[in-house]
Amino acid sequence: MESDDAEIYRASSARSSIRVNSSNIWRTDPGEFFSQSSHREDDEGALIQWAAIEKLPTYRRITRGILKDEEGPPREIDVKNLGFFEKRNLVERLLKVAEEDNEKLLFKLRKRIDRVGLELPTIEVRFEHLNVHAEAHVGGRALPTLINFTVNFVEGILNDLHILPSRKKPMQILSDASGIIKPGRLTLLLGPPSSGKTSLLLALAGKLDTDLKVSGRVTYNGHGMDEFVPQRTSAYISQYDLHMGELTVRETLAFSARCQGVGTLYEMLAELSRREKEANIKPDPDIDIFMKAASLEGQEASVVTDYVLKILGLEICADAMVGDEMVRGISGGQKKRVTTGEMLVGPARVLLMDEISTGLDSSTTFQIVNSIRQSIHILQGTSVISLLQPAPETYDLFDDIILLSDGQIVYQGPRECVLEFFEHMGFKCPERKGVADFLQEVTSRKDQKQYWAKKDEPYSYVQVKEFAEAFKSFHVGQKLGDKLAVPFDKAKGHPAALTTKKYGVSKKELLKACTSREYLLMKRNSFIYIFKLSQLTLMALITMTLFLRTEMPKKTLEDGGIFMGALFFTLIMIMFNGYSEIALSIMKLPVFYKQRDFLFFPAWAYALPTWFLKIPVTIVEVAAWVFLTYYVIGYEPDAGRLFKQYLLLLCVNQMSAALFRFIGGIGRNIIVANTFGSFALLTVLVLGGFILSRDDIKKWWIWGFWMSPMMYGQNALAVNEFLGKRWRQIPSNSNETLGVQVLKSRGMFPEAHWYWLGLGATLGFFVVFQFLYTLALTYLNQKGNEVRRSASSTSMATGVGSITDAGQNRKRGMVLPFEPLSIAFDEIRYSVDMPQEMKDQGIPEDRLELLKGISGAFRPGVLTALMGVSGAGKTTLMDVLAGRKTGGYIEGRITISGYPKKQETFARISGYCEQTDIHSPHVTVYESLQYSAWLRLPAEVDSAAKKVTLHITISNPYA
């Protein structure tokens, strides 16, 4: 049975100029479509097997294939059951050397598609008169102080009510940007920092922050952004590396591929298979299996994952942890490639890539861009790649150039014509100068003069606006304007080009994928749960000695008060046990927000596994407490009441975990969330009915008593205990049992049904908190960091430029004295325990050696460059020499000016600038440097000298 999408492919391909008829040359030699074999009988066996596959219905035919192993005859397999090693071996056969074989593989794929007249979807992206600007406070008003926050909050309300005009300053990010991104051509986006490259890519991807003011139009094949789902039609690759540090590289890419699905690849393959059957065409077995394996969604490990790992050069670290600031992982360059691969494994036809070369060596960047170029050219994709300083050989890979400066497009068109335009403007690129560097400097006031070529005419600074206006009259700009003047013919667009479904796979598959990942993260973070259980067990042992049954009679109201205190302490411990959910939730939020905005999954698919996967953990933790303490403390010796207490505490634990998850979801910051969490815990404790009884709470606070989840848990626990047989004795001066009197003395309800009422209310609170947590995940964002980052970077560039210009005419103020030292290292070896994931792949060694006998020396007065490809060990060597490695095994000798290195004193004479930028987000650049100067400069340097040094550093970074 064929789907509607297959009909789309069938109808769209009627426009193709390629036709298949009875005399098709592909039918004359069936063996040509099989990989070469030295055994004729193997080919004959494969032909027989293929004939059997052709007789199957279409929906079964596209799940069967012929696998040729290195040893043994070809065999028919179900592609759904393709194993891990079989997929890896398949990719290895197709891509023995990624740099050489990727293009051959893509040509084979395209050749198979073309020979049956199937048309590939293509997308043309247009943007017309695009303007983006932000409004932000500048100067002292932009600092995040308490006064500024309060004033800005009040002022914002008055602005919304149109009582007070806004005092925010407008900051232009993009100004009247227009252009066309053609399919089948690789486009390079160039521009100096803060020129608006990221904002342009975000605008094309439909991901601009809602706080920004946007005008203009962006279309895909003539369709507006509201007519399809741009987040799934295009793939925006951010310059920020946000990943789960506990997952391996392979697991990260596999999860991404599983969530994004395969798009319309399955329907295309169904139509391809049908046409091949009609034309009696026999495809290459390896290509056939590769395409079929790539078109099946819902796989935990897709063959596309292995393919992307191969072309990005990540197979060497595929089973290593990604890592983060606290977890040792892969290098910065490898992490950047993971960010790229996370989107390449998806089916998006438009790639918008922002600064993908940061932290990569030039050869790796060339390889990645070349692989993307081959895919774009052969499979007719659409791509814009932003690079800051591409090497000349990488620059030459691109077909088109977009040059941005100060938010304006200076040039957009073929790479071959860009130098002609600037020569027309009077500027020439020197022969030995990289063209990319020239393009980024020629619009700069500081660097422009050196490229002035009209020596017979006086030079004057040519502003960016003049370049932009001149380009419109340049022949390339005129052609671009003529094309933009003619609207895109929607009838020419492929019906399957634009994605209209919000998510890549079914809701069931998304829930399974999120559940699988959450379970994996729980296993990787098992120490947390073991520690929580150990902590609860230890507190249970202490509690048993504090409330010992031999010292706790049940004769008076005072005795009942002690038991009530024991129940209250039990409730507190179970409530506090869920407090760790705040940190666990916030820790994963940045990655969640990124993947949610990319439409990997809905918020509920992420929120549900965080709840139900922790039910077994809750069962064990609460069981450890209840079954250790119940009889030792001397509660009612009734098995029914024991299990009723256990059931109630289970619900209380789940409710508290949901409460703290919700607080983490709305706080989104560990400081804010901890503050709210402590306040919430204090509130429910005070109004829970034990610290203040119901009779002692003031009337205007009684609503807090009824709203406190702890009240219902406390009352249900108390009723379960004090209505037991041992509390049914009636004192001589009363007609009520002792248990009822204890309950009433604390203002609690003595009716037996209050146990079930409390249990139901606790479950109700759990549902409410879990629902509110899901809502918070759905609608809240990362507190507008992107807007502040854009505004601050623009103002920062302006500020630094003016400071630098002023500083050029300033004398060097002072030089701090220091003692020259040399550092030598001999036979440095560094190794770590072999990751379990690599052991599972069959690696027998116990240790993974990262540095292998490195020796060298650094002398004073000599500037040394440490070079190597991404993942070579540069950061690892620097960490070892600086004494930053806290784990692993270090061997070798390090000396400072001939003396053995001592880390305690070495830290005072050295400065280590890491590649990971970790700073306090709530201080200015000046304040951050001032704080560092106060801490690092010697005590004998007075405050005035420290300030002079600080000003010199800011005004002239080369001082």
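Residues numbered from 1 in each chain as written. Predicted model: local features only at pLDDT ≥ 70, side-chain atom pairs only at ≥ 80, totals over all residues. Heavy atoms only, no water.

Asks: Help me out: how do you make sense of the pattern of salt bridges in this one?
Replies: Two side chains bearing opposite charge may form a pair once their charged atoms approach each other closely. Within the structure shown, the criterion is met by 40 salt bridges. The residue glutamate 124 makes a salt bridge to arginine 126 at a minimum N-O spacing of 2.7 Å. In this structure, glutamate 124 and arginine 126 share a single accessibility class: buried. Among the salt bridges present, the one from aspartate 306 reaches arginine 250, with a minimum N-O distance of 2.8 Å. Linking aspartate 306 in helix H12 (residues 303-311) with arginine 250 in helix H9 (residues 249-260), this pair joins segments that are 56 residues apart in sequence. Like aspartate 306, the residue arginine 250 is buried in the burial classification. Within this structure, Arg112, Arg115, Glu276, Asp288 and Lys292 form a network of salt bridges that share partners. (Salt bridge = Lys/Arg side-chain N within 4 Å of Asp/Glu carboxyl O. Buried < 20%, exposed > 50% of the residue type's maximum accessible area, 1.4 Å probe, protein only. Helix = DSSP H or I, 4+ residues; strand = E, 2+ residues; numbered from the N terminus.)

Asks: Looking at this model, I keep getting lost on the environment of proline 230. Mind explaining?
Replies: Note on placement: proline 230 falls in helix H8 (residues 230-233). Judged by relative accessible area, which is 7%, proline 230 ranks as buried. Considered as a pair, proline 230 and valine 350 are 120 residues apart in the sequence and their alpha carbons are 9.5 Å apart. The residues touching proline 230, leaving out its near neighbours within four places in the chain, are Ala205 and Met225. (Contact = heavy atoms within 4.5 Å.)

Asks: What am I meant to see in the environment of leucine 571 here?
Replies: In this fold, leucine 571 is placed in helix H22 (residues 557-576). Under the relative-accessibility criterion, leucine 571 is labelled buried at 1%. The spatial distance from the C-alpha of leucine 571 to the C-alpha of leucine 717 is 8.7 Å, given a sequence separation of 146 residues. Setting aside chain neighbours within four positions, we find leucine 571 in contact with Leu649, Val652, Met710, Gly713, Gln714 and Leu717.

Asks: Is there a simple way to explain helix H18 (residues 464-473) in this structure?
Replies: Spacing of three or four residues puts side chains on the same side of an α-helix, whose turn is 3.6 residues. Residues Val464, Phe467, Ala468, Ala470 and Phe471 constitute the buried set of H18. Taken end-on, H18 shows its buried residues confined to a sector of 165°, consistent with a single buried face. Buried residues along H18 sit in contact with strand S11 (400-405), strand S12 (408-414), helix H16 (418-424) and helix H19 (475-485). (Arc of directions from axis to C-beta.)

Asks: Where do I start with the UniProt feature "transmembrane region" (unreviewed entry) in the chain in this structure?
Replies: Mapped onto this numbering, the UniProt entry annotates "transmembrane region" (unreviewed entry) at residues 527-548, 560-579, 611-633, 645-664, 670-693 and 754-780. Along residues 527-548 the backbone is 91% helical and 0% strand, and the end-to-end C-alpha distance reaches 31 Å. As annotated, residues 611-633 has a helix share of 91% and a strand share of 0%, and its two end C-alpha atoms lie 31 Å apart. (UniProt positions renumbered as here; feature names shortened; annotations may be inferred.)

Asks: Please clarify how the pairing of strand S13 (residues 823-833) should be interpreted in this entry.
Replies: Remember that side chains alternate between the two faces of the sheet whenever the strand is regular. The pairing of S13 with strand S14 (residues 847-858) spans eight bridges and is classified as antiparallel. Across the sheet, alanine 824 pairs through a bridge with alanine 857, a residue of S14. Bridge analysis of S13 against strand S15 (residues 889-896) gives seven bridges, and the strand direction is antiparallel. Bridge pairing links aspartate 826 to arginine 893 in S15. (Pairing = 2+ DSSP bridges.)

Asks: Sorry, what's going on with the side chain of glutamate 581 here?
Replies: Within the secondary structure layout, glutamate 581 lies in helix H23 (residues 581-597). Classification of glutamate 581 by relative accessible area gives buried; the value is 3%. Discounting chain neighbours no more than four positions away, the residues touching glutamate 581 are Lys614, Ala657, Phe660 and Arg661.

Asks: What is the right way to look at the pairing of strand S8 (residues 234-237) in this model?
Replies: Alternating positions in S8 separate into two faces, Ser234 and Tyr236 on one and Ala235 and Ile237 on the other, with burial throughout. Judged from the four bridges that link them, S8 and strand S9 (residues 350-354) form a sheet pairing that is parallel. When the sheet's bridge partners are listed, tyrosine 236 is paired in S9 with leucine 352.

Asks: Please clarify how the sheet that holds S14 should be interpreted in this entry.
Replies: Pairing between the strands of a sheet is mediated by backbone hydrogen bonds and can be parallel or antiparallel. What the four strands build is an open sheet, ordered S14-S13-S15-S16; its pairing is antiparallel. Two strands lie at the open edges of the sheet, namely S14 and strand S16 (899-900), each paired on one side alone.

Asks: Would you take a moment to explain a nonpolar patch on the surface for this structure?
Replies: Among the surface-exposed residues, Phe149, Phe153, Val154, Ile157, Leu161 and Ile163 lie close enough to one another that they form a single nonpolar patch of about 630 Å² accessible area. As for its placement among the helices and strands, isoleucine 157 is situated in helix H6 (residues 146-160). Owing to a relative accessible area of 39%, isoleucine 157 belongs among the partly exposed residues under this scheme. (Patch = residues over 30% accessible without salt bridge, like charges linked within 9 Å, V, L, I, M, F, W, Y side chains within 5 Å. Areas by Shrake-Rupley, 256 points an atom, 1.4 Å probe, with all protein chains shown as cover.)

Asks: I tried to follow the side chain of serine 708 on my own but got confused; where do I start?
Replies: As for its position among the elements, serine 708 is in the loop between helix H28 (702-707) and helix H29 (709-722). A polar side-chain atom of serine 708 sits 3.2 Å from the main-chain carbonyl oxygen of valine 684. Those residues in contact with serine 708 that sit more than four places away from it in its chain are Val684, Leu687, Gly688 and Phe765. (Polar contact = N/O pair within 3.5 Å; in protein donor to acceptor, adjacent residues only side chain to side chain.)

Asks: Whenever I open this one, the nonpolar core confuses me. Can you help?
Replies: In a soluble, globular protein the nonpolar side chains are often hidden away together inside. Tyr411, Phe421, Phe422, Leu439 and Phe601 are the most contacted members of the largest nonpolar core, which has 218 residues in total. Top element by residues in this core is helix H26 (residues 639-667). It accounts for 13 residues. Not counting residues up to four positions away in its chain, the partners in contact with tyrosine 411 are Ile401, Ile402, Leu403, Cys417, Val418, Phe421, Phe471, Phe474 and Val476. Ile828, Leu877, Val880 and Phe906 belong to the second largest nonpolar core, which has 12 residues in total. (Core = buried A, V, L, I, M, F, W, Y, C linked by side-chain atoms within 4.5 Å.)

Asks: Explanation requested: the sheet that holds S12 in the structure shown.
Replies: One open sheet accounts for six strands, arranged S8-S9-S10-S5-S11-S12; its pairing is mixed. Strand pairing shows two members of the sheet lacking a second neighbour, S8 and S12, which therefore form its edges. Adjacent strand axes in the sheet meet at a mean angle of 15° when their direction is disregarded. Bridging between strand S5 (residues 186-190) and strand S10 (residues 382-386) involves four bridges; their strand directions are parallel. Counterpart to leucine 188 in the pairing with S10 is isoleucine 385. Across the sheet, helix H7 (residues 197-205) touches S5, S8, S9, S10 and S11, and the angle it forms with S9 is around 155°. (Axes fitted to C-alpha atoms, helices over the stretch in contact; angles between N-to-C directions.)

Asks: Explain helix H13 (residues 332-344) here, please?
Replies: Compared with the 18 Å implied by 1.5 Å per residue over 13 residues, the 19 Å span of H13 between its first and last C-alpha is a close match. Burial analysis of H13 places 12 of its 13 residues in the buried class, the great majority of the element. If you check which residues of H13 are buried, you get Gly333, Gln334, Lys335, Lys336, Arg337, Val338, Thr339, Thr340, Gly341, Glu342, Met343 and Leu344. Where H13 is buried, its residues meet S8, H9, H12, S9, helix H14 (362-379) and H23. (Expected span 1.5 Å × (residues − 1).)

Asks: Would you take a moment to explain the packing of aromatic side chains for this structure?
Replies: Any pair of aromatic rings gets described here by the distance separating the centres and the angle formed by the planes. Taken as a whole and judged by the stated rule, the model has 45 aromatic pairs. Plain terms: the ring middles of phenylalanine 290 and tyrosine 307 are 5.9 Å apart, the flat faces sit at 70° to each other, and that makes the pair edge-to-face. With phenylalanine 290 in helix H11 (residues 285-294) and tyrosine 307 in helix H12, this pair connects stretches of sequence that are 17 residues apart. In terms of burial, phenylalanine 290 and tyrosine 307 fall into one category: buried. Ring pairs connect the aromatic residues Tyr411, Phe421, Phe422, Phe427, Phe438, Tyr451, Trp452, Tyr459, Phe467, Phe471 and Phe474, which therefore count as one cluster. (Phe/Tyr/Trp six-rings, centres within 6.5 Å; stacked < 30°, edge-to-face > 60°.)

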